[in-house]
Amino acid sequence: MASFSIDQTESRAFYQSLTKQLHEKLDELEPTLIQTRRTLHQKPEISGEEKETSQLICNTLREIGLEPRLMNNDIGVVADMTLGTPAEDAPLIAIRADIDALRITDLKEVDYCSHNPGVGHLCGHDAHTAIALGVALAAGRVKELFESEWPGQGLRLRFIFQPAEEICMGARWMVEQGALEGVSAIIGLHMDPEIQAGTANIRYGVMTAFCDEVHFEIHGRGGHAARPHHGNDPITTAAQLISSLYQNLPRSIDSRMPAVFTIGQISSGLAPNVIPEIAELKGSLRSTNDQAREVLHNRIQNIASGVAQSTNTRIEVLFKSPLPAVVNDKTISAALEQASIDVLGMEQVGLIDLPSMGGEDFSIYLQHVPGSMLRLGCARPDQKTVFLHSPYFDIDERVLKIGSRILLQAALLLSLNPQLIQKGN
């Protein structure tokens, strides 16, 4: 674990005093955070359609005197907040929350179950949103104390409520609309149902995988199912291609480098007695190393070419929607870790040993500014583990005030140590 200390005695006293106040304010705000999360949970909206969610966020922020900016197509929100009198060159710390839901039916038997058929907040984005709003609400309640009790101290925050994380597009939209302009560092968190509420895990370096969609279009020659020798069956080629990819890709790179390839979609043919002209496959490639990713790209092309030649078909390969890995900055991660320890205690904070093979478009922000993401335990003690994207996914709602405290205290630590942000990695 890395340490993140405050050198100046005056700043350390300010941090300790303010965090105590924040603890009290978030205890008071907990019912509000729970109700906000449940309202969002009842009214989930899929990627690119988060208009009501964005409006709820705007209304909440306006109530505490902020001037939120609604982004293009009325989805996504950005709002700035200044506490006290920060120096002209004080860092601007961004806090990011994703706001979209999944196309999954919510099957929980709870009062706040989704009211939108086939759509559910089953990845915790409603909690992320409530937590970021909790940061704003708690900060708003201590704003006056900066002038009366802590003159000369200040904090600059930017809240980024991002749509369309599940389709890996929202972060790009927000960056294109200037959400990172002037930002010094960015922090965020994600629910983790595999660890109990009241715990948190940090990952230094690569946290999630590089993600590529891989599309294959196999061109054969159609014909009658009873006379396959008259045609050139693309479905047979598809079966051979899948087998070859699954067999050979894992042996193409160092086995100590995590990588996984999966075909998740197959489409071809309109009738059982007709050999079709075309078969389409769509898959997902996940890797954690630039070099391995390049090797796997080339190997996929070579395997497809070989199968096409051996089957007398033509196979087109297209790599789409590349998403870089989340690579957590050392300094920002240390601030999140220290804030987590300050909130939860040393024994409740751990290190993540291996990167996840999942994708997360928080990585797009990290191509522009240093940042880090925390995994926050949310498992409920009264039920067995229910994983992300499950129709039964739920959280222990005590994590809402915990998450708000950690993010705000991490932002404070970074603001009090701006010289460390400039050094980056």
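**Thoughts on helix α5 (residues 234–248)**
The α-helix advances 3.6 residues per turn, and as a result positions three or four apart in sequence lie on the same side.
Piece 1. The terminal C-alpha atoms of α5, which comprises 15 residues, lie 20 Å apart, in line with the 21 Å expected from a rise of 1.5 Å per residue.
Piece 2. Against β8 (210–219), β10 (259–268), β11 (274–275), β12 (278–287), α6 (290–311) and β13 (314–323) lie the buried residues of α5.

**Considering the packing of aromatic side chains**
Piece 1. The final tally for this structure, using the stated rule, is 6 aromatic pairs.
Piece 2. Ring geometry for Phe-216 and Phe-261: centres 6.5 Å apart, planes at 90°, overall edge-to-face. Residue Phe-216 is located in strand β8, and its partner Phe-261 is located in strand β10; the two are separated by 45 residues in the primary sequence. Across the pair, Phe-261 and Phe-216 agree in class, each one buried.
Piece 3. When the ring of Phe-362 is compared with that of Tyr-365, the centres are 6.1 Å apart and the planes differ by 65°; the resulting orientation is edge-to-face. On the criterion of helical spacing, the pair formed by Phe-362 and Tyr-365 is a turn pair, its members being 3 residues apart in helix α8 (residues 362–366).
Piece 4. Judged by relative accessible area, Phe-362 falls into the buried class, the value being 0%.

**Quick notes on the pattern of salt bridges**
Piece 1. The final tally for this structure, using the stated rule, is 19 salt bridges.
Piece 2. With its nearest N and O atoms 3.6 Å apart, the salt bridge here joins Lys-401 to Glu-30. With a gap of 371 residues between them, Lys-401 in helix α9 (residues 399–416) and Glu-30 in helix α1 (residues 9–42) connect regions that are remote in the sequence.
Piece 3. A residue is classified by how much of its surface remains accessible, and Lys-401, at 21% relative accessible area, is partly exposed.
Piece 4. Ionic pairing is found between Arg-38 and Glu-397, a salt bridge with its closest N-O pair at 2.7 Å. Placement of Arg-38 in helix α1 and of Glu-397 in the loop between β16 (371–379) and α9 is noted, with a sequence separation of 359 residues between them.
Piece 5. Look at Arg-38 and you get partly exposed, because its relative accessible area is 30%.
Piece 6. Taking the relative accessible area as the measure of exposure, Glu-397 reaches 11% and is therefore buried.

**What about empty space enclosed by the protein?**
Piece 1. A full pass over the atoms with the stated rule returns 1 cavity of 30 Å³ or more.
Piece 2. What the largest cavity holds in volume is close to 40 Å³.
Piece 3. Around the largest cavity sit Pro-193, Ala-379, Arg-380, Gln-383, Lys-384, Thr-385, Val-386 and Asp-394, which together line it.

**Section: the pairing of strand β5 (residues 185–196)**
Piece 1. The buried fraction of β5 amounts to 10 of the 12 residues, a majority that puts the element mostly inside the structure.
Piece 2. Taken together, the 3 bridges between strand β3 (residues 92–98) and β5 define a ladder with parallel strand orientation. Directly across from Ile-93, in β5, lies its bridge partner Ala-185.
Piece 3. Relative to β16, β5 runs parallel, the two being bridged by 8 bridges. Looking at β16, one finds that Gln-196 is bridged to Ala-379.

**Digging into the nonpolar core**
Piece 1. The biggest cluster of nonpolar side chains holds 79 residues, and the ones touching the most others in it are Leu-157, Phe-161, Ile-187, Met-191 and Leu-376.
Piece 2. For this core, the leading source of residues is helix α3 (residues 125–148), giving 13 residues.
Piece 3. Aside from chain neighbours lying at most four places away, what touches Leu-157 is Ala-79, Asp-80, Met-81, Leu-92, Ile-93, Ile-95, Val-135, Leu-408 and Ala-411.

**Description of α1**
Piece 1. The terminal C-alpha atoms of α1 lie 47 Å apart, and with 34 residues this matches the ideal 50 Å at 1.5 Å per residue to within 8%.
Piece 2. Along α1, the largest kink reaches about 50° and is centred on Leu-29; proline Pro-31 follows within four residues of it.

**Considerations on the layout of surface pockets**
Piece 1. Approximately 980 Å³ is the volume found for the largest pocket.
Piece 2. Lining the largest pocket are 34 residues, and of these Arg-286, Gly-358, Gly-359, Glu-360 and His-389 sit closest to its centre.
Piece 3. Put simply, the parts of the chain that give the lining of the largest pocket at least two residues each are β5, β8, β12, β13 and β16.
Piece 4. A per-element tally of the lining of the largest pocket places β5 first, with 5 residues.
Piece 5. Of the residues contributing to the lining of the largest pocket, the split by class is 15 nonpolar, 10 polar and 9 charged.
Piece 6. Taken as a whole, the second largest pocket holds about 360 Å³ of empty space.
Piece 7. Looking at the second largest pocket, it is lined by 19 residues, and the ones nearest its centre are Gln-153, Ser-415, Leu-416, Asn-417 and Pro-418.
Piece 8. When contributions to the lining of the second largest pocket are tallied by element, the ones reaching two or more residues are α9 and α10 (418–423).
Piece 9. For the lining of the second largest pocket, the per-class residue count stands at 7 nonpolar, 10 polar and 2 charged.

Conventions adopted
Each chain carries its own residue numbering, running from 1 in the direction its sequence is written. Local features are withheld for residues below a pLDDT of 70 in this predicted model, meaning they are given only at 70 or higher, and side-chain atom pairs are given and counted only at 80 or more; totals for whole chains, interfaces and linings count all residues. Note: side-chain values were computed over all heavy atoms of the structure, leaving out hydrogens and water. Think of it this way: any DSSP run of H or I at least four residues long counts as a helix, any run of E at least two long counts as a strand, and we number them from the N terminus. Multiplying 1.5 Å by the helix residue count minus one yields the expected span of that helix. Note on contacts: a residue pair qualifies if any of its non-hydrogen atoms lie within 4.5 Å across the two residues. Any Phe, Tyr or Trp ring, taking Trp's six-membered ring, that has another such ring centre within 6.5 Å forms a pair; planes under 30 degrees apart are called stacked, those over 60 apart edge-to-face, and the others tilted. Buried, partly exposed and exposed residues are distinguished by accessible area as a fraction of the type maximum, computed with a 1.4 Å probe on protein chains only: under 20%, between the cut-offs, and over 50%, respectively. For salt bridges, the criterion is a side-chain nitrogen of Lys or Arg within 4 Å of an Asp or Glu carboxyl oxygen. Put simply, the grid is 1 Å and covers the protein atoms alone, a cavity is a trapped set of points that fit a 1.4 Å probe, a pocket is an open set with protein on both sides within 12 Å along at least five of seven lines, and lining residues have an atom within 4 Å of a point. Grid points are joined across faces, edges and corners, and a volume is the space filled by probe spheres set on the points. One requirement defines pairing of two strands: DSSP has to find at least two bridges between them. Only buried residues count toward a nonpolar core. Its members are Ala, Val, Leu, Ile, Met, Phe, Trp, Tyr and Cys residues joined through side-chain atoms within 4.5 Å. The quantity called bend is, for any residue, the angle between two axes fitted respectively to the seven residues ending at it and the seven beginning at it. Gly is placed with the polar residues, together with every amino acid not listed as nonpolar (Ala, Val, Leu, Ile, Met, Phe, Trp, Tyr, Cys and Pro) or charged (Asp, Glu, Lys and Arg).

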